[in-house]
Amino acid sequence: MAVAHKRGGFGCPIIGQLALFEGGTLSHLSGLSASAKVPGMSPSSAFNPVFARQGTTIFTVMSALASEHKAVNLGQGFPDLDGPQSIRAAAAKVLMEGPNQYPPMPGMAELRRQLAAHAKRFYGLDYAWPDEVLVTSGGTEALTAAILGLTGPGDEVVLIEPAYDSYRPIAEAAGATVKTVTLAPPSFRLTYEMLASAVTPRTRLIMVNTPLNPIGRVFDAAEMAAIARALRESNAYAVCDEVYEHLTYDGRPHISLATLPGMRERAVRVGSAGKIFSLTGWKVGWLTGPRELISVIAKAHQFLTFTTSPALQLGVAHGLAHEMDTAVALAARLQDNRDLLAEGLAEIGFDVLPSEGTYFLTAGISGLTNEKDRAFCERLAREAGVALIPLSEFFSGPSRPDTYVRFAFCKQRAVIEEALSRLKAHFKHV
Ligand code: PMP
Ligand code: GLN
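Residues numbered from 1 in each chain as written. Chains lettered and ligands numbered in written order. Predicted model: local features only at pLDDT ≥ 70, side-chain atom pairs only at ≥ 80, totals over all residues. Heavy atoms only, no water.

Draft legend 1. Molecular detail of the overall build of the chain. Of the regular secondary structure elements, the chain holds 18 helices and 13 strands. By the burial criterion, 56% of the 430 residues in the chain qualify as buried. Residue pairs in contact within the chain that sit at least 24 positions apart in sequence constitute 75% of those at least 6 positions apart. Only carbon and sulfur atoms are counted for the fraction: they give 56% of the accessible area of the chain, which is about 17700 Å². (Helix = DSSP H or I, 4+ residues; strand = E, 2+ residues; numbered from the N terminus. Buried < 20%, exposed > 50% of the residue type's maximum accessible area, 1.4 Å probe, protein only. Contact = heavy atoms within 4.5 Å. Areas by Shrake-Rupley, 256 points an atom, 1.4 Å probe, with all protein chains shown as cover.)

Draft legend 2. Spatial organisation of the site of ligand 1. The environment of ligand 1 is made up of 13 residues, and the closest members are Thr140, Asp241, Ser272, Lys275 and Lys283. Residue Gly139 places a main-chain N or O atom 2.8 Å away from an oxygen atom belonging to ligand 1. Between ligand 1 and Asn213, the relevant distance is 2.8 Å, taken from an oxygen atom to a side-chain nitrogen or oxygen of the residue. Relative to its unbound accessible surface of 400 Å², ligand 1 loses 93% to contact with the protein. When residues in the shell around ligand 1 are grouped by element, the largest group, four residues, is from helix 9 (residues 138–150). Looking at side-chain class alone, the shell around ligand 1 contains four nonpolar, six polar and three charged residues. (Near = heavy atom within 4 Å. Polar contact = N/O pair within 3.5 Å; in protein donor to acceptor, adjacent residues only side chain to side chain. Nonpolar A, V, L, I, M, F, W, Y, C, P; charged D, E, K, R; others polar.)

Draft legend 3. Summary view of the pairing of strand 6 (residues 237–241). Summarising burial for strand 6: five of the five residues are buried, a large majority. Of the two faces of strand 6, the one carrying Tyr237, Val239 and Asp241 and the one carrying Ala238 and Cys240 are both buried. As paired strands, strand 5 (residues 203–209) and strand 6 are joined by five bridges and run parallel to one another. What sits directly across from Asn209, in strand 6, is Asp241. What joins strand 5 to strand 6 is helix 12 (residues 221–232), and the crossover it makes is right-handed. Bridge count for strand 6 against strand 7 (residues 267–272) is four bridges, and the pairing is parallel. Bridge pairing links Asp241 to Val270 in strand 7. (Pairing = 2+ DSSP bridges. Right-handed = clockwise from strand over helix to strand, strands pointing away.)

Draft legend 4. Up close: the pattern of salt bridges. Enumeration over the complete set of coordinates arrives at 28 salt bridges. Taking the shortest distance from any N to any O, the salt bridge between Lys179 and Glu156 comes out at 3.5 Å. With a gap of 23 residues between them, Lys179 in strand 4 (residues 177–182) and Glu156 in strand 3 (residues 156–161) connect regions that are remote in the sequence. With relative accessibility at 30%, the residue Lys179 sits in the partly exposed group. A salt bridge links Asp220 to Arg189; the shortest N-O distance between them is 3.1 Å. (Salt bridge = Lys/Arg side-chain N within 4 Å of Asp/Glu carboxyl O.)

Draft legend 5. Geometry of the packing of helix 9 against helix 14 (residues 291–304). Where helix 9 contacts helix 14, the axes come no closer than 8 Å and their chain directions differ by 115 degrees. When the axes of helix 9 and helix 14 are compared, the crossing they make is right-handed. Where helix 9 abuts helix 14, its residues Glu141, Thr144, Ala145, Ala146, Leu148, Gly149 and Leu150 lie against Leu293, Val296, Ile297, Ala300, His301 and Leu304. Partitioned by chemical class, the residues of the contact of helix 9 with helix 14 number nine nonpolar, three polar and one charged. (Axes fitted to C-alpha atoms, helices over the stretch in contact; angles between N-to-C directions. Left-handed = near helix turned anticlockwise from the far one by under 90°.)

Draft legend 6. Inspection of the packing of helix 6 (residues 85–97) against helix 15 (residues 310–322) at higher detail. In the contact formed by helix 6 and helix 15, the axes pass within 8 Å of each other and the chain directions differ by 145 degrees. In terms of crossing hand, the pair formed by helix 6 and helix 15 is right-handed. Along its contact with helix 6, which presents Ser86, Ile87, Ala90, Ala91, Val94 and Leu95, the element helix 15 presents Pro310, Ala311, Leu312, Leu314, Gly315, Val316, His318 and Gly319.

Draft legend 7. Here's a closer look at the site of ligand 2. Taken together, the residues surrounding ligand 2 are Phe59, Gln76, Gly77, Tyr164, Asn213, Phe360 and Arg406. Taking Gln76, its side chain carries an N or O atom lying 2.7 Å from an oxygen atom of ligand 2. The side chain of Asn213 places a nitrogen or oxygen atom 2.9 Å from an oxygen atom of ligand 2. Class assignment of the residues belonging to the shell around ligand 2 gives a composition of three nonpolar, three polar and one charged.

Draft legend 8. Examining helix 16 (residues 324–348) more closely. The end-to-end C-alpha distance of helix 16, which contains 25 residues, comes to 37 Å, matching closely the 36 Å that a straight helix rising 1.5 Å per residue would cover. The complete set of buried residues in helix 16 reads Met324, Ala327, Leu330, Ala331, Leu334, Asn337, Arg338, Leu340, Leu341, Gly344, Leu345 and Ile348. Positive backbone phi, approximately 120 degrees, marks Gly349, located one or two places after helix 16. (Expected span 1.5 Å × (residues − 1).)

Draft legend 9. Just the side chain of Glu323, in detail. Tracing the sequence through the fold places Glu323 in the loop between helix 15 and helix 16. Among all residues touching Glu323, those that are not within four sequence positions of it are Pro84, Ser86, Ile87, Phe277 and His318.

Draft legend 10. Region of the structure containing the sheet that holds strand 13 (residues 404–408). Within the open sheet, the four strands sit side by side as 9-10-13-12. Their pairing is antiparallel. The sheet terminates laterally at strand 9 (351–352) and strand 12 (389–390), the two strands that pair on one side only. Relative to strand 10 (residues 360–364), strand 9 is paired through two bridges, and the arrangement is antiparallel. Residue pairing across strands places Asp351 opposite Gly364, the latter belonging to strand 10. Strand contacts of helix 16: strand 9, strand 10 and strand 13, with the helix running at about 10 degrees to strand 10, the strand carrying the most contacts.

Draft legend 11. Representation of the environment of Pro186 in the model. By secondary structure assignment, the location of Pro186 is in the loop between strand 4 and helix 11 (192–198). Linking Pro186 and Ala363, residues 177 residues apart in sequence, is a C-alpha distance of 9.4 Å.

Given below as structure tokens:
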């Protein structure tokens, strides 16, 4: 317990974050592609082209740069305070006393019961825990299993960009074709017309992420109705990435697509204990949805990870039963962080856009530099000691905006204050 608590603790907030990247450097990571150069090994064209052509994710790249330059890491989105002690204690007890063998493939009954109760309590949604709830190893695995289970060659998958990085490669690996809808700054609003232009008779899935990483949009009732209408007029299902469901600000509600008329049967919902309980390293996620969809997704899950650590599952079950007040209260603390960050950035000259939810805030950089976002972020990590994420990484295609950056504010106030003071000092001298 003591060890788990120490990392990233109060004592040394900034260095605490750097410790998370111990042992990882950019040269170590680029070694991932070096295998193709080893004599006797196959050229990369012999590998799965979807993965062979991937770079290292921007989150890893920027965390490595942060570590290398001792930068304050407002890039990769992870909290620097671990979630509730009682959840960690519950998991630790299971580690010591068991069970420690394979749990059931769909997840432990205790956790699935709590997840069904959570959907009912917060959204009025009824899911039968035995066959409409599936526990996965993180939201990432839930997304992967859902995409692999529901799509295949000849299908089209619609992404609303900016989009989380894992959706596209998994859809492509499934053999599907990706179509994109691009949200434009500064409002990043979604309309029915945008969706209608991307949806065809071949559309099998629309990926819906609200609250939306990276831009912090929370789709409102009109936008959710537009998605529901596009779905109703198609043969498509929705995979709803709701991992930030409890992180909305200024009293904005999170609307789960499944609560709209006819949508319960069309939508699978993805959640993550990492986000709800500030335990991102645990990688406990889940899916809730109609049994017809969950059943085929479970067929993918059984060959991806099959199951997830029993101690962590039971820790999360404890959290859902006893720590939801803490989880919900996190939004108020993060909203204060958002305001602190937004005010400081505006003073420096960033063009701060509204953040309605998530861990993240987006800001325009045109008033500060002529550089593109990625060059700006790399230079800032080196010269200002602050690591961010370039927004263009979440878009495909030539019309991607490239003068915006993403800041993570799921940090202690002292860390945000330190980042702001470094940025202020930097921009005073350039
Ligand atoms: N979806 C979004 C939008 C995310 O931001 C993240 C993680 N940051 C995930 C899915 C993955 O969640 P997990 O860490 O539980 O795999
Ligand atoms: N979701 C996190 C973010 O957006 C990163 C997760 C990851 O590193 N894969 O920052």
